[in-house]
Amino acid sequence: MTTSGIITNIQRCSTEDGPGIRTTVFFKGCPMSCSWCHNIETINPESTLVWYKVKCIGDQACVRICPEDALTLTPDGLKIDRERCVVCGTCEEACPTGAVKVMGKSWTSVDLVQELLKDKVFFETSNGGVTLSGGEATFQSKFALEVAKGLKDEGVHVALDTCGYCSEKVLWDLLPYVDLILYDLKIMDPQKHKEYTGVPLDTVLTNAHIVAESGKPTWIRTPIIPEHTDDEENIRAIARFVLQHLPNVERYDLLAFNRMCIDKYELFDLEYPLKDYDLVSVETMENLAQVAREEGLSNVVWSGMTKRSKKMNNMENQEIETCG
Ligand code: SF4
Ligand code: SF4
């Protein structure tokens, strides 16, 4: 019997989650609760119904068809009674505009692998592949293992994008079927790590040693979040740990904070905790990359949304995408 799992999104033609052209699979469920999370829809492991205000034409087809009487259209928008909603998806089928959507669809590992193989020609021509991301792929460990095995059987390059918080056994089981590990080291101060991510640092470091022992090519990633991870000492500590303990690391990625997730938080009636934080400046990203290089890392790359400085183009607050 094949295992089923819950996926929130399959993103094709990604160029930021490993080498070549990739298809990134977002697994639902994550053991961390980072205060800056950009993928809030993936934290809860269960499927959830969401409503997109901008798509709604107010015809109430969803309200009429719901067998659980879980929906009410009010002047403030569609109210979902989550106690009643059984996430059956009937309203999604009835909605003419795609304004209601079940976030998180169930797939068998066999069906998911078949779906991913549709992009095989792109992987072959670009040295790309599939990246298992999330949420946290290891959170659905059996499902992730079957998907990784299925892809390897078809000769597809598999990358695992992980926060590093899972059991040692889960990691050891998965590593033989993974070609590249994208490993997050976010904060090296244990207290801050617990405060900002909700989980202890020591598991993440222990698992980083396991990844090193496996010898698998690894890219370390740090999200650069204002007042959380963006201090020089944090980047120095990460760089030193990598140099001292992780000889298999090929690249260090610094990923600049963005606020594009604000709309996603609104879907869940939540306010993005970092909504008032400014984007990180180009100078800060370049400086932090330089700090990592000074410590001895050779392949340091930064990317993401940044704020141009006045000095650079006199256009403060313009959001641009840059890859260093
Ligand atoms: S998913 Fe099913 S139960 Fe939930 S609101 Fe839609 S129709 Fe009703
Ligand atoms: S069916 Fe779709 S468009 Fe119509 S009220 Fe419901 S969510 Fe809005």
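Residues numbered from 1 in each chain as written. Chains lettered and ligands numbered in written order. Predicted model: local features only at pLDDT ≥ 70, side-chain atom pairs only at ≥ 80, totals over all residues. Heavy atoms only, no water.

Novice: What is the right way to read unusual backbone geometry from this model?
Specialist: Negative phi characterises most residues that are not glycine, and trans characterises most peptide bonds. Cis geometry marks the peptide bond from Gly-134 to Gly-135, where omega comes out at 20 degrees. Along the polypeptide, Gly-135 turns up in the loop between strand E8 (129–134) and helix H5 (141–153). Of note in the backbone geometry, Gln-60 takes a positive phi value of approximately 65 degrees without being a glycine. Here Gln-60 lies in the loop between strand E3 (48–51) and helix H1 (61–65). (Helix = DSSP H or I, 4+ residues; strand = E, 2+ residues; numbered from the N terminus.)

Novice: When you look at the pattern of salt bridges in this model, what are you seeing that I'm missing?
Specialist: Oppositely charged side chains can pair when the atoms bearing their charge come close. One pass over the full model with this rule turns up 19 salt bridges. The residue Glu-92 makes a salt bridge to Lys-105 at a minimum N-O spacing of 3.3 Å. Of this pair, Glu-92 sits in helix H2 (residues 90–94) while Lys-105 sits in strand E7 (residues 105–108); the two residues are 13 residues apart in sequence, bridging distant segments of the chain. Asp-253 serves as the salt-bridge partner of Arg-251, at 3.0 Å between the closest nitrogen and oxygen. Given a relative accessible area of 22%, Arg-251 falls into the partly exposed group. Linked by salt bridges that have partners in common, Glu-232, Glu-233, Arg-236, Arg-240, Glu-294 and Glu-295 make up one network. (Salt bridge = Lys/Arg side-chain N within 4 Å of Asp/Glu carboxyl O. Buried < 20%, exposed > 50% of the residue type's maximum accessible area, 1.4 Å probe, protein only.)

Novice: Help me out: how do you make sense of the site of ligand 2 in this one?
Specialist: Near ligand 2, the surroundings consist of 13 residues, among which Cys-56, Asp-59, Gln-60, Cys-62 and Cys-95 are the closest. A per-class count over the shell around ligand 2 returns 9 nonpolar, 3 polar and 1 charged. (Near = heavy atom within 4 Å. Nonpolar A, V, L, I, M, F, W, Y, C, P; charged D, E, K, R; others polar.)

Novice: Got a minute to help me understand the site of ligand 1 in this structure?
Specialist: Near ligand 1, the surroundings consist of Leu-49, Cys-66, Pro-67, Glu-68, Leu-71, Cys-85, Val-86, Val-87, Cys-88, Gly-89, Thr-90 and Cys-91. Partitioned by chemical class, the residues of the shell around ligand 1 number 9 nonpolar, 2 polar and 1 charged.

Novice: For this particular structure, what's the right way to read the packing of aromatic side chains?
Specialist: Given two aromatic rings, one states the distance between the centres and the angle between the planes to describe the pair. Tallied over the entire structure, the rule returns 2 aromatic pairs. Summarising the aromatic geometry, the rings of Phe-27 and Phe-143 are spaced 5.5 Å apart at their centres and angled 55 degrees between planes, so their arrangement reads as tilted. Here Phe-27, found in strand E2 (residues 22–27), pairs with Phe-143, found in helix H5; they are 116 residues apart in sequence, far enough to count as distant. Given a relative accessible area of 0%, Phe-27 falls into the buried group. Judged by its relative accessible area of 1%, Phe-143 is buried. Geometrically, the ring pair formed by Tyr-265 and Tyr-272 is tilted, given 4.8 Å between the ring centres and 55 degrees between the ring planes. An identical accessibility class is assigned to Tyr-265 and Tyr-272; each is buried. Sitting over the ring of Tyr-52, Lys-55 keeps its end group 4.9 Å from the ring centre. Above the face of the Trp-219 ring, Arg-251 is positioned so that its terminal group lies 4.0 Å from the ring centre. (Phe/Tyr/Trp six-rings, centres within 6.5 Å; stacked < 30°, edge-to-face > 60°. Lys NZ or Arg CZ within 6 Å of the ring centre and 35° of its normal.)

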